[in-house]
Amino acid sequence: MGHEEHRKEAPARLAIFVVTASDTRGEAEDESGRFLREAAVSAGHALAGYRIVKDDPAAIRAALDEAARAGADAVLVNGGTGIAGRDRTYEAVAGVLEKRLDGFGELFRMLSFAEIGAAAMLSRAVAGVWGGRAVFSMPGSRAAVTLAWEKLIGPELPHVVREIRKDHG
């Protein structure tokens with residue numbers, strides 16, 4: 001079966017949970033989380049939930065557990081993917097992934113390079129499978145979440161979830 005047939009068999013409506021990892025942003029300042037929620041709903045998906053948590057591995061894992069309890073098919077995490085001491089989202093997310101989707105981070109950095117140059121290498125965007133759902137972790141800037149959603153996540157998310165469901169029923 002070709003790629004287009006796979007896409008046709010993919011679920012059209014998914015439950016998406018958005019997590020913003022930030023030590024400074026509240027909901028009013030969370031443009032990136034708002035963009036992801038609105039983009040998901042505009043694409044026909046359901047919002048399973050939304051949380052802002054401190055960039056702390058335990059808090060991020062608790063948000064992932066909440067997303068699982070909410071029945072999320074996909075979790076979109078933004079923020080905390082840099083290399084500063086306080087950036088610990090990568091470790092929290094990568095540490096729970098059962099299967100990595102390395103192409104997400106690679107393509108995200110390639111597309112970012114076209115926009116911001118060599119600084120793109122500082123992004124530790126990562127994605128994969130955890131507990132039968134897709135998890136995408138991306139930088140927290142509005143430009144980064146827009147790029148990730150429009151070029152990578154939005155177009156392929158139903159197909160990604162379809163592939164995951166083959167393994168998890």
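For the structure itself, look to the data block above.
K.L.:
Please set out the sheet that holds strand S4 (residues 99-100) residue by residue, giving values where relevant.
P.N.:
Strand order in this open sheet of six strands is S2-S1-S3-S6-S5-S4, and the pairing throughout is mixed. Whereas interior strands pair on both sides, the edge strands pair on one side only; in this sheet they are strand S2 (46-53) and S4. Bridging between strand S1 (residues 15-21) and strand S3 (residues 74-78) involves five bridges; their strand directions are parallel. Across the sheet, Thr20 pairs through a bridge with Asn78, a residue of S3.

K.L.:
Explain the pattern of salt bridges residue by residue, including any values.
P.N.:
Applying the stated criterion across every chain, the model contains nine salt bridges. Residue Arg165 is joined to Asp73 by a salt bridge in which the shortest nitrogen-to-oxygen separation is 2.9 Å. With a gap of 92 residues between them, Arg165 in helix H6 (residues 142-168) and Asp73 in the loop between helix H3 (57-69) and S3 connect regions that are remote in the sequence. By relative accessible area, which is 36% here, Arg165 ends up partly exposed. Where Glu163 meets Lys166, a salt bridge forms, and the shortest distance between an N and an O atom there is 3.3 Å. Of this pair, Glu163 and Lys166 both sit in helix H6, three residues apart, roughly one helical turn. On the accessibility criterion, Glu163 (29% relative accessible area) is partly exposed. When salt bridges that share partners are traced, they join Arg162, Glu163 and Lys166 into one network.

Rules of the game
Residues numbered from 1 in each chain as written. Predicted model: local features only at pLDDT ≥ 70, side-chain atom pairs only at ≥ 80, totals over all residues. Heavy atoms only, no water. Pairing = 2+ DSSP bridges. Helix = DSSP H or I, 4+ residues; strand = E, 2+ residues; numbered from the N terminus. Salt bridge = Lys/Arg side-chain N within 4 Å of Asp/Glu carboxyl O. Buried < 20%, exposed > 50% of the residue type's maximum accessible area, 1.4 Å probe, protein only.

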